[in-house]
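Here is what each chain is made of, one letter per residue.
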Amino acid sequence: MDKKNALRAGALAAGTTLMMLLMSSPALAVTRDDGDDPGSPLGIGATLGLYVVAPLAIFAVITGLVMVLDKSDKTKLVNAKPKAKA
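Residues numbered from 1 in each chain as written. Predicted model: local features only at pLDDT ≥ 70, side-chain atom pairs only at ≥ 80, totals over all residues. Heavy atoms only, no water.

**Notes on the overall build of the chain**
- Across its full length, the chain carries 3 helices and 0 strands.
- Here the chain holds 86 residues, and the buried ones make up 0% of them. (Helix = DSSP H or I, 4+ residues; strand = E, 2+ residues; numbered from the N terminus. Buried < 20%, exposed > 50% of the residue type's maximum accessible area, 1.4 Å probe, protein only.)

**Concerning helix H2 (residues 44-68)**
- With 25 residues, H2 extends 34 Å between its outermost C-alpha atoms, agreeing within 8% with the 36 Å of an ideal straight helix rising 1.5 Å per residue.
- Considering bend angle alone, the principal kink of H2 is centred on Leu50 and spans about 35°. (Expected span 1.5 Å × (residues − 1). Bend = angle between axes of the 7 residues up to and from the residue.)

**Focus on a nonpolar patch on the surface**
- A cluster of nonpolar side chains, namely Leu42, Ile44, Leu48, Leu50, Tyr51, Val52, Val53 and Leu56, defines an oily patch on the protein surface of about 840 Å² accessible area.
- Residue Leu50 is classed as partly exposed on the basis of its relative accessible area of 46%. (Patch = residues over 30% accessible without salt bridge, like charges linked within 9 Å, V, L, I, M, F, W, Y side chains within 5 Å. Areas by Shrake-Rupley, 256 points an atom, 1.4 Å probe, with all protein chains shown as cover. Salt bridge = Lys/Arg side-chain N within 4 Å of Asp/Glu carboxyl O.)

**A closer look at the confidence of the model for the chain**
- With 77% of its residues at a pLDDT of 70 or more, the chain shows a mean pLDDT of 83.
- Confidence scores differ between elements of the chain, with helix H3 (residues 74-78) showing the lowest mean pLDDT of 62 and H2 the highest of 96. (pLDDT = per-residue confidence, 0-100.)

And the structure:
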């Protein structure tokens, strides 16, 4: 791709991104919607527990189950060497 085509592609990508940003409406998070019922805010411990500890615990449980319930033959995995023909 030569320099002119790269410049054209960059300008098109930048223009498309700019138009998407200009045409999108703001979130309007200041005004409340009908039926909006926010709960109490989460503390630091609850947030870390929900978004860090819980996924890591689920990952550990799944990994442990896969390792414990693995039924593959261990000797085939260790002794799998290609046989050279001479």
